[in-house]
Amino acid sequence: MKIKSICCIGAGYVGGPTMAVIALKCPHIQVNVLDVNKDRIDAWNSSDLNNLPVFEPGLSEVVNQARGRNLFFSNNIDEAIDKSEMIFIAVNTPTKTYGEGKGQAADLKFVELCARNIAKVSKSDKIVVEKSTLPVRTAEAVQTILDSSENGVKFDVLSNPEFLAEGTAIKDLFKSDRVLIGGQQTESGKIAISALVEIYSNWIPIEKIYTTNVWSAELSKLVANAFLAQRISSINSISALCEVTGADVNEVATAVGMDSRIGNKFLKSSVGFGGSCFQKDILNLVYIAKSLGLHEVSEYWNQVIKINDYQKKRFAFKIINSLFGNVSEKTITLFGWAFKKDTNDSRESAAIYVANLLIENGAKICVYDPRVTEQQMLLDLDKLNSRSSEENRIALSSFSNYIDACNGSSAIAIITEWDEFKDYDWEQIYKILIKPAKVFDGRNILNKKMIEDLGFEFYAIGG
Ligand code: UDX
Ligand code: UDX
């Protein structure tokens, strides 16, 4: 079965880049990317490629080549569903904020809405592909909803989790370590799997496309994220130990990572991991294990989150304690608000929690981030419900250049590892800070000797 038309519901960080790359690599397939959010679709259609709603290195070039040829962005969801042979679901699946599983389980209301809509408007057989990260056995629920369609249409559900990381999405999509496709082992399930394999094989070597049953594919995505986050929490827990023993966490990570059985990736100690996935997916795993009576398993994974929260708090209190336990009325400058470099995404960024704790203790926060807007920073803070929006607006300001963000500040805290921070005029920064001038490097990106030689007091994670 050779697919000629696909669509994707959800034009976010996953749906947008993934579909753009499929369209680029498969010019024979018509790709429609859909979203309920009109502003988002307008931004994807913007003639100025700097205005795309997602910033990813290389994305605008891909969109520029494929858009209008075989890549289309629209709000016309029902029409596109009906015209497509294969439908990807890439809507968001946030942690539930209400009811059973509140604070841990994934909220599947958008996925369910999509499934109901697909069932309602489809007039021909479809393959439905779960791209969103979902709890194990969600495909079963999606299949049941689709099967309730009264249009006499047949649906096959596949799980095809996305492993791209933000900031390197296009690189990851071009050269994936693996593409995972889970499907039912029935006659039509196997045909559906091979139809999706056929699409990816336009650019991914066939030996990197791994097919499994649906449940394994769903669970593997949660487990991959949990393992990655676990490595960060492991090294971050050691960073605290390094600080009191005189060991250097970078040296420890290098020494440990040189063991080929351990490997050197994802061992960079930091102010804590952020992003829309790690915390949400681990909480989901914790919830699933708990609800299946596997309390030890649940508690084991919960520790990864606890260490991450501890690391963010530890960093904020390091700042407060070094400013003589008092940050009231003092200004602290944060370099970076995004959850990692090369993205405008700030979901679950450590910056939000560090800023919140500092504000709670009376500090004023000035931020410079090359990609995140002040409006987004304030939205992030407001979501914590720690104080009124007006109070957040008084406490935090963002600046369009780093020097202005440093004027009259007592300390600089590096939260995101943007490359440009390394090349700043630190001599000039030293001059305009209140003395003793302090730098807290939450990403271990600065050269300690260079910073200390300029006169700064320097604190690095695990150093
Ligand atoms: C994805 C998800 O697939 C999630 O499961 C995974 O863990 C992380 O990545 P992401 O692309 O980052 O989410 O989410 P987001 O950028 O919020 O995009 C989702 C889009 O879906 C939004 O633009 C939203 O408007 C759209 N949406 C949501 C719909 O079009 N219809 C809905 O019913 C709900
Ligand atoms: C992650 C997974 O890597 C990806 O496979 C999955 O599809 C989605 O979730 P993402 O959240 O976009 O991707 O970014 P990632 O590079 O994994 O970084 C997550 C967080 O961990 C960031 O805050 C990053 O700064 C932090 N991190 C990463 C560290 O603190 N240390 C490291 O060594 C690596």
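Data block above holds the structure.
One structure accompanies this document, and this report is about it. (Residues numbered from 1 in each chain as written. Chains lettered and ligands numbered in written order. Predicted model: local features only at pLDDT ≥ 70, side-chain atom pairs only at ≥ 80, totals over all residues. Heavy atoms only, no water.)

1. Side note on the pairing of strand E6 (residues 155-159)
Counting buried residues in E6 gives five out of five residues, a clear majority hidden from the surface. On E6, burial covers both faces: Phe155, Val157 and Ser159 on one face and Asp156 and Leu158 on the other are all buried. Note: strand E5 (residues 126-130) against E6, five bridges, orientation parallel. Following the sheet pairing, Glu130 is matched in E6 by Ser159. As for the winding sense of the linkage, the β-α-β connection from E5 through helix H6 (residues 138-147) to E6 is right-handed. (Buried < 20%, exposed > 50% of the residue type's maximum accessible area, 1.4 Å probe, protein only. Helix = DSSP H or I, 4+ residues; strand = E, 2+ residues; numbered from the N terminus. Pairing = 2+ DSSP bridges. Right-handed = clockwise from strand over helix to strand, strands pointing away.)

2. Details of the nonpolar core
The biggest cluster of nonpolar side chains holds 56 residues, and the ones touching the most others in it are Phe315, Leu334, Phe335, Trp337, Ile365, Trp426 and Ile429. Top contributing element to this core by residue count: helix H13 (residues 350-360), with eight residues. Once residues within four sequence positions are removed from consideration, Ile429 is found in contact with Phe335, Tyr402, Ile403, Cys406, Ile412, Tyr424 and Phe456. Judged by nonpolar contacts, the second largest core, of 47 residues, contains Ala23, Leu52, Ile127 and Leu158. (Core = buried A, V, L, I, M, F, W, Y, C linked by side-chain atoms within 4.5 Å. Contact = heavy atoms within 4.5 Å.)

3. Some details on helix H3 (residues 59-66)
Of the residues making up H3, those classed as buried are Leu59, Val62, Val63 and Ala66. On an axial view of H3, the arc spanned by its buried residues comes to 95 degrees, and they lie on one face. Along H3, exposed side chains directed more than 90 degrees from the buried face belong to Asn64 and Gln65. Looking one or two residues past H3, Gly68 carries a phi angle of roughly 85 degrees, positive in sign. (Arc of directions from axis to C-beta.)

4. Some thoughts on the site of ligand 2
Around ligand 2, the surrounding shell holds 20 residues, and the nearest of these are Phe163, Glu166, Ser270, Lys340 and Arg443. Separating an oxygen atom of ligand 2 from a backbone N or O atom of Phe163 is a distance of 2.6 Å. For ligand 2, an oxygen atom lies 2.7 Å from a polar atom in the side chain of Arg443. Considered on its own, ligand 2 offers 660 Å² of accessible surface; in the complex 90% of this is hidden by protein. Residue classes in the shell around ligand 2 are distributed as 11 nonpolar, three polar and six charged. (Near = heavy atom within 4 Å. Polar contact = N/O pair within 3.5 Å; in protein donor to acceptor, adjacent residues only side chain to side chain. Areas by Shrake-Rupley, 256 points an atom, 1.4 Å probe, with all protein chains shown as cover. Nonpolar A, V, L, I, M, F, W, Y, C, P; charged D, E, K, R; others polar.)

5. Structural notes on the sheet that holds strand E10 (residues 364-368)
Across the sheet, which stays open at both edges, the six strands sit in the order E11-E10-E9-E12-E13-E14 with parallel pairing between neighbours. Since the sheet does not close on itself, it has two edges, and those belong to strand E11 (396-398) and strand E14 (457-460), each with one partner. Between one strand axis and the next, the sheet turns through 20 degrees on average, direction left out of account. (Axes fitted to C-alpha atoms, helices over the stretch in contact; angles between N-to-C directions.)

6. Description of the packing of helix H9 (residues 214-245) against helix H10 (residues 249-257)
Packing of H9 against H10 brings their axes to within 9 Å, and their N-to-C directions diverge by 135 degrees. In terms of their interaxial angle, H9 and H10 are classed as oblique. As H9 packs across H10, the resulting crossing turns out to be right-handed. Where H9 approaches H10, its residues Ile235, Ile238, Ser239 and Cys242 are matched on the opposing element by Val249, Val252 and Ala253. Grouping the constituent residues of the contact of H9 with H10 by class yields six nonpolar, one polar and no charged. (Parallel < 35°, antiparallel > 145°, perpendicular 65-115°, else oblique. Left-handed = near helix turned anticlockwise from the far one by under 90°.)

7. What about the site of ligand 1?
Around ligand 1, the structure places 19 residues, and the nearest of them are Asp35, Arg40, Thr93, Lys280 and Arg347. The separation between an oxygen atom of ligand 1 and a polar main-chain atom of Val36 is 3.1 Å. Arg40 has a polar side-chain atom sitting 2.6 Å from an oxygen atom of ligand 1. Burial of ligand 1 by the protein amounts to 90% of the accessible area it has alone, namely 690 Å². Of the residues belonging to the shell around ligand 1, the class tally is eight nonpolar, seven polar and four charged.

8. Looking at the pairing of strand E4 (residues 86-89)
Because side chains alternate across E4, one face comprises the buried residues Met86 and Phe88, and the other comprises Ile87 and Ile89, equally buried. Where strand E1 (residues 5-9) meets E4, four bridges bridge the pair, whose relative direction is parallel. Bridge pairing in E4 places Cys8 opposite Phe88. Relative to E5, E4 is paired through four bridges, and the arrangement is parallel. The partner of Ile87 across the bridge, within E5, is Val128. Handedness of the crossover joining E4 and E5 through helix H5 (residues 109-121) is recorded here as right-handed.

9. Things to note about unusual backbone geometry
Note on backbone geometry: most residues besides glycine have negative phi, and most peptide bonds are trans. Here Lys435 and Pro436 are connected by a cis peptide whose omega angle stands at 0 degrees. Not every positive phi belongs to a glycine, and Asp342 is a case in point at roughly 65 degrees. Along the polypeptide, Asp342 turns up in the loop between strand E9 (331-335) and H13. Although it is not a glycine, Asn385 sits at a positive phi angle of roughly 55 degrees. Secondary-structure assignment places Asn385 in the loop between helix H14 (374-383) and helix H15 (389-395).

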